[in-house]
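Overview (structure and organization)
Read off the chains here:
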Amino acid sequence: MAFFPSTIFLLATVLCTLYVASCSSHEADALINWKETLHTQNNILMLPSWKLDDQKTVSPCKWYGVSCNEQGSINKLNLSSSGLNGTLDHLPFSSFPNLVYLNLGLNYFSGNIPSEIGQLSKLVYLDLSTNLLMGIIPPEIGELRNLETLYLAENQLNGSIPKSLCQLRFLSDLALSHNNLYGSVPSCFGQLSKLGFLDLNSNKISGLIPLELGNLYNLKSLYMVNNSLTGSIPKTFVNLKKLTILSLSENQLSGSVPKELGHLTSLTCIDLQNNDLNGPIPSSLDLLDHRLPVPLLEIKEVVTSILVLAIRCVNSDPEIRPRMYDVSQELASFP
Ligand SMILES: *[C@@H]1O[C@H](CO)[C@@H](O)[C@H](O)[C@H]1NC(C)=O
Ligand SMILES: *[C@@H]1O[C@H](CO)[C@@H](O)[C@H](O)[C@H]1NC(C)=O
Ligand SMILES: *[C@@H]1O[C@H](CO)[C@@H](O)[C@H](O)[C@H]1NC(C)=O
Ligand SMILES: *[C@@H]1O[C@H](CO)[C@@H](O)[C@H](O)[C@H]1NC(C)=O
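Structure report, in brief. In this text the structure is predicted, and so the values were computed from the model without any measurement.

A word on the nonpolar core. The biggest cluster of nonpolar side chains holds 61 residues, and the ones touching the most others in it are Leu-152 and Leu-176. Those elements that place two or more of their residues in this core are strand 2 (74-78), strand 8 (149-151) and strand 10 (173-175). Residues in contact with Leu-176, not counting those within four places in the same chain, are Leu-152, Ala-153, Ile-161, Leu-181, Asp-199, Leu-200 and Asn-203.

Here it is in structure tokens:
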């Protein structure tokens, strides 16, 4: 009786190990093939730790920038700021079924973002910012249904913002700033209910600010500086209760500043300059009640001793109440 379960267990273990080994060596091959397409910088060998041994059994899990899950399959690739120069064309995205985190930011990658990037079905974090990437944002990025962070800022991307991004229901951080994107802000962005950070600065985005952005009740920072937005600031922004930064300067916004903005009590920074806005800043904006800075230590000490003195003055025990002489002495000692 005991024979069968232990054999099955052994068999399962062997199969698992074989599977994992073949799986991670497939991933290692995929990375090596891509590495070979990258250009060297000043003859410096890129990613020297990325190499296969003769038996090709090496696991990529200890390679620079690579992390694996417990099964030995790659779940994280962080090559940020590694001086890499090349394209993403030969990165076989379908070879990394367990990739959760991909950071290729701050390199010299050029060419397009391949549409195959949509095959990274487990991806939660994608950072391709500060590279030389061109062409459109592939609509297939909308297939990355688990994505929470998408940074594509500081590239040379053009075309319009794909509506498919509205399918990213878990998206909390979206930065597309400093590209050449045009067209309007998709009104379906109002469905991105987890969005806390939206940065569209320095593009060529035009049209009206969609009223639907007022549905983004988790939004804390909204940046749309230096675009070609027209129309007025939507009154629906009164619903953005968590908004702390509203930056819409350098556009062609017109009309008056909605007085409803004064009800946004979390707002600490509002920048609307260089637009065609008219009329007064609504007095309700006085509600943007900035707190006083922490006083100098000596001021703090004076305030505290005045309070102590005042509390003694109202004590019912005459022994504790100060004499007029003590009060005048103490007050005279304050600067
Ligand atoms: C990715 O690498 C960069 C640069 O080495 C580092 O600053 C960052 O913390 C890394 N991120 C993660 C999640 O490991
Ligand atoms: C990238 O490599 C190409 C080909 O070697 C070279 O022409 C280009 O100047 C490099 N780019 C950067 C930013 O180093
Ligand atoms: C977008 O950029 C690519 C590459 O730079 C260029 O070939 C294409 O004409 C541009 N498209 C538009 C519509 O601007
Ligand atoms: C404004 O955005 C354009 C791209 O549309 C960019 O070329 C320019 O440098 C930006 N200006 C500033 C002051 O950032």
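A few words on the pairing of strand 13 (residues 204-208). Of the pairings in the sheet, the one linking strand 11 (residues 182-183) to strand 13 comprises two bridges and is parallel in character. Directly across from Tyr-182, in strand 13, lies its bridge partner Lys-204. Of the strand pairs in this sheet, strand 13 and strand 15 (residues 228-230) are connected by three bridges, and their pairing is parallel. Following the sheet pairing, Ser-206 is matched in strand 15 by Ser-228.

Here we come to the site of ligand 1. The immediate surroundings of ligand 1 are formed by Asn-78, Ser-80, Ser-81 and Asn-103. Among the residues making up the shell around ligand 1, the classes are represented as no nonpolar, four polar and no charged.

Both strand 1 (residues 66-68) and strand 2 contribute to a ladder of three bridges, which runs antiparallel. What sits directly across from Val-66, in strand 2, is Leu-77. Taking the residues that link successive antiparallel strands as the turn, the strand 1-strand 2 hairpin has five residues, and the phi of Gly-72 there is positive, at about 80°. Bridge count for strand 2 against strand 4 (residues 101-103) is three bridges, and the pairing is parallel. Across the sheet, Lys-76 pairs through a bridge with Tyr-101, a residue of strand 4.

This part covers the environment of Lys-204. Tracing the backbone through its elements, the reader meets Lys-204 in strand 13. Classification of Lys-204 as partly exposed rests on a count of 14 C-beta atoms within 10 Å. On a C-alpha basis, the gap between Lys-204 and Asn-158 in space is 9.1 Å, while along the polypeptide they are 46 residues apart. Lys-204 has contacts with Asn-180, Leu-181, Tyr-182, Asn-227 and Ser-228, leaving out every residue within four places of it along the chain.

Near ligand 4, the surroundings consist of Ser-202, Asn-203, Lys-204 and Asn-226. Tallied by class, the residues present in the shell around ligand 4 amount to no nonpolar, three polar and one charged.

Further remarks concern unusual backbone geometry. Here Asn-226, not a glycine, exhibits a phi torsion of approximately 60°, which is positive. When you line up the elements, Asn-226 lands in the loop between strand 14 (221-223) and strand 15. A positive phi angle is found at Asn-274, which is not glycine, with a value near 55°. Its place among the elements puts Asn-274 in the loop between strand 18 (269-271) and strand 19 (276-278).

Each value, and the rule that gives it
- Residues numbered from 1 in each chain as written.
- Chains lettered and ligands numbered in written order.
- Predicted model: local features only at pLDDT ≥ 70, side-chain atom pairs only at ≥ 80, totals over all residues.
- Core = buried A, V, L, I, M, F, W, Y, C linked by C-beta atoms within 7 Å.
- Buried ≥ 20, exposed ≤ 12 C-beta atoms within 10 Å, placed from the backbone.
- Helix = DSSP H or I, 4+ residues; strand = E, 2+ residues; numbered from the N terminus.
- Contact = placed C-beta atoms within 7 Å.
- Pairing = 2+ DSSP bridges.
- Near = placed C-beta within 6 Å.
- Nonpolar A, V, L, I, M, F, W, Y, C, P; charged D, E, K, R; others polar.

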